[in-house]
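# Coordinate analysis (summary)
Below, each chain spelled out in residue letters.
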Amino acid sequence: MDADAILSDLTHYYTRMYGRRTLRTDTPFLSQALVHTIRDRLMERWNRTNIAFERADGRRACYLSMEFLMGRLLNNALYSLGSTDESSHALGLLGVELEKVLDAERDAGLGNGGLGRLAACFLDSCATLGLPVRGYGIRYHYGMFRQRIVNGFQIEEPDPWLREGFPWEIERSELARTIRFGGRTVTFRDEHGRTRHGLEDTHDVLAIPFDVPIPGYRNGVVNTLRLWSAAATDEFDLEEFNAGSYTEAVEAKNEAENISMVLYPNTATESGHELRLRQQYFLASASLQDILHDYRYRHGGSLAGLEDKVCFQLNDTHPAIAVAELMRLLMDEHGMEWDQAWGIVRSTTAYTNHTLLPEALETWPVPMFEKLLPRLLEIIYEINARFLDEVSIRWPGDNARLARMSLIDEGGERRVRMAYLAIVGSYSVNGVAELHSRLLREGLFRDFYELWPDKFNNKTNGVTPRRWLAACNTRLAALVSGKIGDGWVTKLDQLEALAPLADDAGFQASWRAVKLANKQRLAEDIKRRTGIELDPAMLFDVQVKRIHEYKRQLLNVLHAVHMYDLIRRGDGDELPPRAIIIGGKAAPGYVMAKGIIKLIGNVARVINNDPAMAGRLQMVFYPDYNVSAMEKICPAADLSEQISTAGKEASGTGNMKFMMNGAITIGTLDGANVEILEAVGDENFFLFGHTVEEVASLRENYDPGAYINADEDFRRVVGLLESGHFCRFEVGVLDAVIGAFQDPSDPWMTAADFRSFIDAQRRVDEAWKDTARWDRMSILNSACSGRFSTDRTMQDYNDDIWRLEPVEPG
Ligand code: 26V
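Now for a description of the structure that goes with this document. (Residues numbered from 1 in each chain as written. Predicted model: local features only at pLDDT ≥ 70, side-chain atom pairs only at ≥ 80, totals over all residues. Heavy atoms only, no water.)

### Details of the packing of helix 11 (residues 322-333) against helix 14 (residues 374-394)
Two elements in contact, helix 11 and helix 14, have axes whose closest approach is 9 Å; the angle formed by their N-to-C orientations is 100 degrees. Relative to helix 14, the element helix 11 lies roughly perpendicular. Every residue of helix 14 that contacts helix 11 at Val323, Ala324, Glu325, Met327, Arg328, Met331 and Asp332 is listed here: Arg375, Leu376, Ile379, Ile380 and Ile383. The class makeup of the residues in the contact of helix 11 with helix 14 is 8 nonpolar, no polar and 4 charged. (Axes fitted to C-alpha atoms, helices over the stretch in contact; angles between N-to-C directions. Helix = DSSP H or I, 4+ residues; strand = E, 2+ residues; numbered from the N terminus. Parallel < 35°, antiparallel > 145°, perpendicular 65-115°, else oblique. Contact = heavy atoms within 4.5 Å. Nonpolar A, V, L, I, M, F, W, Y, C, P; charged D, E, K, R; others polar.)

### Concerning unusual backbone geometry
Positive phi outside glycine occurs at Asn151, with the angle close to 50 degrees. With respect to the secondary-structure elements, Asn151 resides in the loop between strand 5 (146-150) and strand 6 (153-157). Of note, Asp201 is a non-glycine position whose phi angle comes to about 55 degrees, a positive value. Relative to the helices and strands, Asp201 resides in the loop between strand 10 (195-200) and strand 11 (203-215).

### Comments concerning the site of the ligand
Taken together, 20 residues are adjacent to the ligand, and His354, Asn461, Glu649, Ser651 and Gly652 come closest. A distance of 2.6 Å separates an oxygen atom of the ligand from a polar side-chain atom of His354. The contact in question runs from an oxygen atom of the ligand to an N or O atom on the side chain of Tyr550, over 3.2 Å. When the free accessible area of the ligand is taken as 600 Å², the share hidden by the protein chains comes to 91%. Here the shell around the ligand is composed, by residue class, of 7 nonpolar, 10 polar and 3 charged. (Near = heavy atom within 4 Å. Polar contact = N/O pair within 3.5 Å; in protein donor to acceptor, adjacent residues only side chain to side chain. Areas by Shrake-Rupley, 256 points an atom, 1.4 Å probe, with all protein chains shown as cover.)

### Some points on the pattern of salt bridges
Under the counting rule described, the total for this entry stands at 71 salt bridges. Measuring nitrogen to oxygen at the nearest pair gives 2.8 Å for the salt bridge that ties Arg48 to Glu44. Placement of the pair is Arg48 and Glu44 together in helix 2 (residues 29-56), with a separation of 4 residues, close to one helical turn. A relative accessible area of 54% places Glu44 in the exposed class. (Salt bridge = Lys/Arg side-chain N within 4 Å of Asp/Glu carboxyl O. Buried < 20%, exposed > 50% of the residue type's maximum accessible area, 1.4 Å probe, protein only.)

### Quick word on the pairing of strand 11
With 10 of 13 residues buried, strand 11 lies mostly within the body of the structure. Taken together, the 2 bridges between strand 7 (residues 170-171) and strand 11 define a ladder with antiparallel strand orientation. Residue pairing for strand 11: Glu171 is matched across the bridge by Phe210. Two elements, strand 8 (residues 177-181) and strand 11, share 5 bridges in a ladder whose sense is antiparallel. Across the sheet, residue Phe181 finds its bridge partner in strand 11, namely His203. Note that strand 11 and strand 12 (residues 222-232) share 11 bridges and pair antiparallel. Within strand 12, the residue paired with Ile208 across the bridge is Ser229. Between strand 11 and strand 12, which pair antiparallel in sequence order, lie 6 residues; one of them, Arg218, sits at a positive phi of approximately 45 degrees. (Pairing = 2+ DSSP bridges.)

Listed below in C-alpha cells is the structure:
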C-alpha cells in the first residue's frame, strides 16, 4: 500500500501492459494503470470475502436491477482502501496530480437516473455493512447517451464507455449460462409417469458474466457486481459462410449480441419494445440460473433448503419476469411440483416500486410475450388462475375486482401487468419514501393492500455518504472531521454533533469558505463546458435531474423569467445576485422534455447577454449531467430545487446529496422532501406548493388562466414568453412548452404553484442576505442528514426483508 509499491506497479502497468512511454493525463491509460494497481490490492480481500461467505453458508441477497449507475470507481476504491494519500504521493513523484488522473476515468453510466444510482449506493453500503449481497445487472456496450447542446437543442451521442477497456471487470466465461428464447412448449411424461413441461426449437443466446469488485469502507470486505454480456452460442454459421452468404452467416451472432448492446433511455411512452423484454428475460434467467447453479454446487447437487439461503430484491418491475422464470427453472429443469416451487418463489422474492406515474407501469402485449417466452406465459396464466381463485374466495361475486387485479389487462389489447406479477410473487412490497409508500397503499396497489396488508412496507431511500460527502467534498469532510472526528463516515447520525456549532461565527466562516472554494471549482468546470463565467459570490440555485414535466423544470424557468422581469423594470434592487443552474438529460423520444431544454437555453442566453443583468442574474444549462458531474455540483450548491408536483416524485435522492453538502431545499411536500423537512425543521427548509390532497381536488376544475390573470407578475411572465422575446429568430420553437402550463389539462399543475413558489424564492433571498442565518441553516441541513445514508436504508432492508448475517472476513 505504500507509495513506492504503488509507483512501481503503476509504471509496470503503464509501460508494460498499456505500452505507453510518455506521461499523459488526457488519455485514460494512466488512470487505467492505477486501476490495475488498485484492483490487485483488492483481489485478496475479494477472495477472502467470498471464502468467508462460503464458510458462513448463510442467507444471501441478490439485487436484480436493469441499471447500476456506478459512475467512476477509482476515487471510491482509493478512499475505501485508505490509499488516497499514498497514490497521490506516488503520482506526485511522476509530477502528475491525482485529480487529473481521476478525471480521466470514464463514467460507467449503466443507468438512467435515480433508480440506477440508488442500486450503486446500495452496493456500497452493503459492502460497508459486510452484508452478503450481490448485484446482478447487464453489461451494456453503450451506457446512457452523452448529451451535447447545439444551438440550445439536445443532441444524443453514443457512449462507447468500453472502448479503451474497463479494467475493473473480470470476465468469468467458465460461468456462462444459456438463455433460451422463442421455440414451442412441449408436454411429456417422465420416467415416473409425471407430466412435465419443456421447450423445443428455441433460439439460444449465451450470457457471460463479468465481475466488478465492490469494496466496503476499510473493513476488508469486497462484494461483487455481476454484469451479464450476451454472446452467440456459435461464432457464426459455417455452412452459410461456406455457401457464400457472408452476411447471413453472422446474423445470428449480431442478433444475440444486440441484447446487451444498449441501455434503454427511460421514456414512459416508448414502452413495449421487444428488445427490452429480451433484455429483461436475459437478466432474470442468467442471474437465477447462476444462483441455482451455485447453490447446488455448494449443497451436494440439491436445492433443498434454498428458500432459507437466498432472496431476490427486484429493482422495480424490470426484472419481475424472474417470478415466472424461477417457477420454470424449479419445475421444468429441477423437477419440482407447482406448490413446492411456488412456496420457494413467494418466500424468496421481494419487490421495490419506484414510481407512481401510471404511464410508467410496465405491461407487455400478450402476443409478444407468447412469441418470445411461450412457457413463461403458460406459467403466468397458471399463477393468475390460482391467484384469482384466492381473490374470489375472499370477495365472492366481485367481478370488477377480479378484472382490476388480474395479471392480464383485458381492456383492449391483452397485456401482462408486470407490477401485479411482482406483487403476487413476492413476500414484500416496498415504496421508497413514507409518502410514496402510503400512496401505493391508498392508490395504485389499494386492492392488493386490502388482500395482503402485511406485505406492504416502506424503505426510505438514501445515498452513500462515502461518495456523496466524504470523497466528493474533501474540504467539508476535513472541516467536519476536524471538529467531530470521522466516525460520521460510517455512522452518519454523528453529524448531529455539528448542530451546536451552527451559530459559532468561526465555524460559520470556515463553512462558508469551503462552500466558496467548491463554487469556484464548479464555476471553472462550467466555464470549460459552456464558456459561461459564473460569479462564485452569487447564490448558486441548482436543479439537476432527468428532464421530465412532473419534475417541473418549467416552474424554475418561470421564476427565472420573473426575476429577469423584476430587474428590467427596476423593481429588482432587493434581489441578491443569483446564478440559476439547470442540468439533465431528456429521453430522446420525449419531445416536450427536449422543448424544455431549448427554453432553458434560450432564456439563459437572453439573461446572460443583457447588460442590465450583469452582477445580478445569470443562468446556465449544464450539459451532459451525470454522476461525476454531480460530484462537483452538489458540494457547490446553495439552494436545492426539489419542486415536483406533489404525489409524483417517488422519493428523489439528489435532494439528499444536496442536503448532506449543506444546500438548503426549496421544495414541495413530495417524496422524501417530506422527511427532509421533518428532519431539519421548517425554519431550515423553503416549503411551497399544493399538497397531494389539494392537487387532487384542484384537478376537478383546473383553470390555469385564472392563476395567470389574477397575478400581475405571472401575467407579465406569460406576456414576455408569448411576445417571442426568448426566440427572436426562431419563431414558434417554444410554443408547445409555453402552452403546456396554460393548458387546463396540465397534469403537473405548474400554474397553480407559481405564486407560492415565487414567494418562497423571496424568502430564500431574505435568508441569503443574512449571512449568519444562511450559514446556520446550511450547517443544520448537513447536521440533520444522518437518516438519509444508505447505511440506514440497507439496515432497514436487512432487518425487515432480507435477514442476512453480516460477515467479517478473516
Ligand atoms: C422506466 C423505463 C421504461 C422504458 C424503458 C426504460 C426505463 C427505465 C426506467 C424506468 C423507470 C424509472 C423509475 C425511476 O427511476 N424512479 C425513480 O427512482 C428513484 C429511486 O427510488 C426515486 O428517487 C425517484 O423519485 C424515482 O423517480
